[in-house]
Amino acid sequence: MTYQVLARKWRPKKFADLVGQEHVVRALLNALDKGRLHHAYMLTGTRGVGKTTIARILAKSLNCQHTEHGEPCNQCDSCRQIDAGRFVDVLEIDAASNTGIDNIREVLENAQYAPTMGQYKVYIIDEVHMLSKSAFNAMLKTLEEPPEHVKFILATTDPQKVPITVLSRCLQFVLRNLNSTQVHDHLVYVLQQEHIAYEDPALWLLGRAAAGSMRDALSLLDQAIAIGSGKVTESDVRNMIGAVDKSYLYALLEALAVRDGQALLAKAEEMACCAVGFDSALTELALLLQRLTILQSVPAVGADDPEYAALTRFAGLFSGEQIQLYYQCVLRGKADLPLAPDEKAGFVMTLLRMLAFAPLAALNTQRLHGQIDGTQLHDVPVNNKQIDNIATVSEENSPASVSEALSETASYATTEVPVTLETEIIEKK
């Protein structure tokens, strides 16, 4: 038996099966149910978000013999033939290979004839932006006032290349990219229906790697199943898409927490030896820092996350200001990576920048509580008198006094001394 890829096997057959395009589905179902049908529709969006799929479902609904509130029945002859691509009144045209005026003229000449089997003649023109200027001009009049039995459904990934005169004659729907949660949930459903074993973290990785495209996600899932010999595992997916092992990221955060530059360099060298993609490493590190910020702000979020315990521990090692600063350092490092002598050098410099910069109040708090060895701390004293006051208060072991002194130091650092990224550079004493 010939194997059918998941992206084709699980292509939605009705509006209810679509994922993530509720705004389009609601508008089309209401129009079909109330009989308020436009003569031309324009579907725009990136690859794999459902443009052609929606066009085919709409064509079925227009010609279905037993529609229910706009949904096609998928049982009548019209629905089955449209699904099989054999319905003579639904013509799907690839504008990328039929760009000329002669191709469009043939379509327009046939449009005047009544449908043979269905209620409407439906012309689905995919990648319509590829048509030539003369082809667009030839279809303008027909597109504006087509015969009652003709409906046009245009789809494109690049609406900016479609003439405004064409756009103004169509009812335009912009399809959104799918988020990783929507992709993950649909992959779970597909794997359960296929009775294939999987590890949940692997599906989250696929959801992010798909970059908003459900077709890409299903294609990657096919590849992951092949690599795993019938199952989907996190390690296989990480190797397949080049995702970074979380143990590397946790080790980097551990080294940053104790300000251990030697450990940072050693871990970067280990990652280089394992051929870890440093661009991906910075992306994953930024996502990890974002999750820590969310956990600090709303601790209850993600309590069912299998990594919740580890994330909670790291969220307690850094202040909110530190994580925000590290996040900006990572984003800047990722932007500068193409300009670096090589990826490893850019990655190492990003780590050293994170080690070098820290909010002054955070540094003095760590120093006061002994989290940083005095021989390794290279911070700029906020004020010698204030540092002495903090040390004196700490010797008296008065928590209230320590808190008051820290508050005074933080206030001084943030109000009396204008702090910029450059003035936070750590100098040796």
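Residues numbered from 1 in each chain as written. Predicted model: local features only at pLDDT ≥ 70, side-chain atom pairs only at ≥ 80, totals over all residues. Heavy atoms only, no water.

1. A few points about the packing of helix α12 (residues 246-257) against helix α13 (residues 261-273)
Put simply, α12 and α13 touch, their axes get as near as 9 Å, and they point 165° apart. By the angle between their directions, the pair α12 and α13 is classed as roughly antiparallel. With respect to the hand of their crossing, α12 and α13 are arranged in left-handed fashion. Within the contact between the two elements, α12 uses Tyr248, Ala251, Leu252, Ala255 and Leu256 and α13 uses Ala263, Leu264, Lys267, Glu270 and Met271. Tallied by class, the residues present in the contact of α12 with α13 amount to eight nonpolar, no polar and two charged. (Axes fitted to C-alpha atoms, helices over the stretch in contact; angles between N-to-C directions. Helix = DSSP H or I, 4+ residues; strand = E, 2+ residues; numbered from the N terminus. Parallel < 35°, antiparallel > 145°, perpendicular 65-115°, else oblique. Left-handed = near helix turned anticlockwise from the far one by under 90°. Contact = heavy atoms within 4.5 Å. Nonpolar A, V, L, I, M, F, W, Y, C, P; charged D, E, K, R; others polar.)

2. A closer look at the packing of aromatic side chains
Following the criterion strictly, the structure yields six aromatic pairs and no others. Where Tyr250 meets Phe314, the ring centres are 5.3 Å apart and the plane angle is 25°; that geometry is what we call stacked. In this pair, Tyr250 sits in helix α12 while Phe314 sits in helix α15 (residues 308-317), placing the two residues 64 residues apart along the sequence. Its relative accessible area of 17% is what places Tyr250 among the buried residues. (Phe/Tyr/Trp six-rings, centres within 6.5 Å; stacked < 30°, edge-to-face > 60°. Buried < 20%, exposed > 50% of the residue type's maximum accessible area, 1.4 Å probe, protein only.)

3. Examining helix α2 (residues 22-34)
When the terminal C-alpha atoms of α2 are compared, their 18 Å separation across 13 residues agrees well with the 18 Å that a helix rising 1.5 Å per residue should span. Burial in α2 covers these residues: Val24, Val25, Leu28, Leu29, Ala31 and Leu32. Looking straight down α2, one finds its buried side chains confined to an arc of 165°; they lie on one side. Turned more than 90 degrees away from the buried face of α2, the exposed residues are Arg26 and Lys34. Where the residues of α2 are buried, they touch β1 (40-44), α3 (51-63) and β5 (171-174). One or two positions beyond α2, positive phi appears at Gly35, with a value near 75°. (Expected span 1.5 Å × (residues − 1). Arc of directions from axis to C-beta.)

4. Focus on the pattern of salt bridges
Opposite charge on two side chains allows them to pair when their charged atoms are near. Here the structure, examined in full by the defined rule, presents 15 salt bridges. Taking the shortest distance from any N to any O, the salt bridge between Glu269 and Lys344 comes out at 2.3 Å. With a gap of 75 residues between them, Glu269 in helix α13 and Lys344 in helix α17 (residues 343-356) connect regions that are remote in the sequence. Glu269 sits in the partly exposed class, given a relative accessible area of 38%. Among the residues examined, Lys344 registers a relative accessible area of 28% and is labelled partly exposed. (Salt bridge = Lys/Arg side-chain N within 4 Å of Asp/Glu carboxyl O.)

So yeah, pure geometry; function would need other evidence.
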